[in-house]
Amino acid sequence: LTNSGTSALHLAINALNILPKEEIIVPTITFIAPINVVRYNKSIPIFMDCDEYFNIDVNKTIDFIKNNTVFKNNKTINKKTGRKIAAIIIVHVFGNAVFLDNLIKLCKKRKIFIIEDATEALGTFYKTGKYKGRHAGTVADIGCLSFNGNKIITTGSGGAILTNNKKLSSKCLYLSTQAKD
């Protein structure tokens, strides 16, 4: 657990060892928190168009990765900037889950992490595809939730990180408890 959804997103970036100056793809329509955490980390946001559901346009994102990047030395490099693209923050907006099947497949090949911001999709299930029956926030490398007062389920504040990766889980727990040994 974290003190907010924003903290969960920030912790996710740190747990994935994303470095300053590396790029993170983000949607053009979102609450400010995903952009702020990219900037807190001194990383560079790359804004991607959204689809008719106000979620990141997966097809345009895939097209961008295939046509505007190169994969060398086990890194995806933006041809225009020469910077590594380290991650994508997916924001599920208004309870609409982003269809991630093809994007996850490509990102695994290209060593790009996916962080799911499911703060507006708590309780949303994938209804089709490989992840049918799973909750939004549970299919990528890390999922983040918020329990702020304006959310479907609220505790007044707070957030959570979801991952099935034991190493990432341990690192998130370590970082969220003041990084004390």
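Whatever comes next refers back to the structure up there.
Residues numbered from 1 in each chain as written. Predicted model: local features only at pLDDT ≥ 70, side-chain atom pairs only at ≥ 80, totals over all residues. Heavy atoms only, no water.

## A closer look at the overall build of the protein
Spelled out, the test is: Note on conventions: DSSP H or I runs of at least 4 residues are helices, E runs of at least 2 residues are strands, and numbering of each starts at the N terminus. C-alpha atoms define the radius of gyration, and 2.2 Å times the number of residues to the power 0.38 defines the globule rule. Here's how the labels work: a residue is buried when its accessible area is under 20% of the maximum for its type, exposed when over 50%, partly exposed in between, all with a 1.4 Å probe on protein chains only. Contact criterion: two residues are considered in contact whenever any of their non-hydrogen atoms come within 4.5 Å of each other. Here the Shrake-Rupley method, with its probe set to 1.4 Å, supplies the accessible areas, and only the displayed protein chains count as covering residues. As used throughout, the charge tally considers Lys and Arg to be positive and Asp and Glu to be negative, leaving His and the chain termini uncounted. Charge positions are represented by NZ for Lys, CZ for Arg, CG for Asp and CD for Glu.
Each helix and strand counted, the protein has five helices and eight strands in total. When the elements of the protein are put in sequence order from the N terminus, they spell out α-β-α-β-α-β-β-β-α-β-β-β-α. Taken over C-alpha atoms, the radius of gyration comes to 15 Å for the protein, in line with the 16 Å a tight globule of 181 residues would show. Evaluated residue by residue, the protein yields a buried proportion of 46% over its 181 residues. In the protein, 59% of the contacts between residues at least 6 apart in sequence involve partners at least 24 apart. Just so you have it, the protein exposes about 9600 Å², and 53% of that area is on carbon and sulfur atoms. In the protein, the 25 positive side-chain charges and the 13 negative ones have mean positions that sit 8 Å from each other.

## Some points on the environment of Ser146
Within the secondary structure, Ser146 sits in strand E7 (residues 142–146). On the basis of relative accessible area, Ser146 is assigned to the buried category, the value being 8%. Measuring from C-alpha to C-alpha, the distance between Ser146 and Leu1 comes to 9.7 Å, with 145 residues separating the pair along the chain.

## Let's talk about the packing of helix H3 (residues 58–68) against helix H4 (residues 101–110)
Heads up, the rule is: Between N-to-C directions, angles cover 0 to 180 degrees, with each direction set by a line fitted to C-alpha atoms, over the stretch in contact for helices. Should an angle fall under 35 degrees it is called roughly parallel, over 145 degrees roughly antiparallel, and 65 to 115 degrees roughly perpendicular, with every other angle called oblique. We call a crossing left-handed when the near helix sits turned anticlockwise from the far one by less than a right angle, and right-handed when that turn is clockwise. Gly counts as polar in this scheme, as do all residues outside two lists: the nonpolar Ala, Val, Leu, Ile, Met, Phe, Trp, Tyr, Cys and Pro, and the charged Asp, Glu, Lys and Arg.
Packing of H3 against H4 brings their axes to within 10 Å, and their N-to-C directions diverge by 20°. Considered as vectors, H3 and H4 are oriented roughly parallel to each other. Our pair here, H3 against H4, has a crossing hand that is left-handed. Contact residues: H3 offers Val58, Thr61, Ile62, Ile65 and Lys66, while H4 offers Asn102, Leu103, Leu106, Cys107 and Arg110. Among the residues forming the contact of H3 with H4, the class breakdown is six nonpolar, two polar and two charged.

## Concerning the sheet that holds strand E5 (residues 85–91)
Short version of the rule: Pairing between strands is defined by DSSP: at least two bridges between the two strands are required.
One open sheet holds the six strands; their spatial order is E2-E1-E5-E6-E7-E8, and the pairing between them is mixed. In this open sheet, the two strands that pair with only one neighbour each are strand E2 (44–48) and strand E8 (159–162). Neighbour-to-neighbour, the strand axes of the sheet open up by a mean angle of 20°, direction not taken into account. Pairing of E7 with E8, which is carried by four bridges, proceeds in the antiparallel orientation. Residue pairing across strands places Gly143 opposite Leu162, the latter belonging to E8. Each of strand E1 (23–27), E5, strand E6 (113–117), E7 and E8 is contacted by helix H1 (residues 5–15), which is oriented at about 165° to E7, the strand it contacts most. Here helix H2 (residues 33–40) sits on the sheet in contact with E1, E2, E5 and E6, set at roughly 150° to E2.

## Here's the deal with the packing of aromatic side chains
The following threshold applies: Only Phe, Tyr and Trp rings take part, Trp by its six-membered ring, and two of them pair if their centres are within 6.5 Å. Stacked means planes under 30 degrees apart, edge-to-face means over 60, and tilted covers everything else.
Scanning all chains against the criterion turns up two aromatic pairs. Taking 6.0 Å as the distance between ring centres and 90° as the angle between the ring planes, the aromatic pair formed by Phe54 and Phe94 counts as edge-to-face. Of this pair, Phe54 sits in the loop between E2 and H3 while Phe94 is found in the loop between E5 and H4, placing the two residues 40 residues apart along the sequence. Residue Phe94 is classed as exposed on the basis of its relative accessible area, which comes to 60%.

## A word on the nonpolar core
Where a protein is soluble and globular, its nonpolar side chains tend to be buried together. The criterion, for reference: Nonpolar cores were defined as sets of buried Ala, Val, Leu, Ile, Met, Phe, Trp, Tyr and Cys residues, with membership established by side-chain atoms within 4.5 Å.
In this structure, Ile25, Ile65, Ile88, Ile90, Leu100 and Leu103 are the most contacted members of the largest nonpolar core, which totals 29 residues. Listing elements by their share of this core, those giving two or more residues are E2, H3, E5 and H4. In this structure, Leu16, Ile35, Val91 and Cys144 belong to the second largest nonpolar core, which totals 24 residues.

## Let's talk about the layout of surface pockets
Where we set the bar: Site definitions follow a grid-based scheme: protein atoms alone, a 1 Å grid, a 1.4 Å probe that fits but cannot get out for cavities, and for pockets an open set with protein on both sides within 12 Å along at least five of seven lines, plus lining residues having an atom within 4 Å of a point. Grid points are joined across faces, edges and corners, and a volume is the space filled by probe spheres set on the points.
Volume-wise, the largest pocket comes out at about 400 Å³. Considered class by class, the residues forming the lining of the largest pocket number eight nonpolar, seven polar and four charged.

## A look at the packing of H1 against H2
Where H1 meets H2, the closest approach of the two axes is 9 Å, and the angle between their N-to-C directions is 40°. On the basis of their axis angle, the class for H1 and H2 is oblique. When you trace H1 past H2, the crossing you get is right-handed. Contacts between H1 and H2 involve Thr6, Leu9, His10 and Ile13 from the former and Ala33, Pro34, Val37, Val38 and Tyr40 from the latter. Here the residues of the contact of H1 with H2 sort into seven nonpolar, two polar and no charged.

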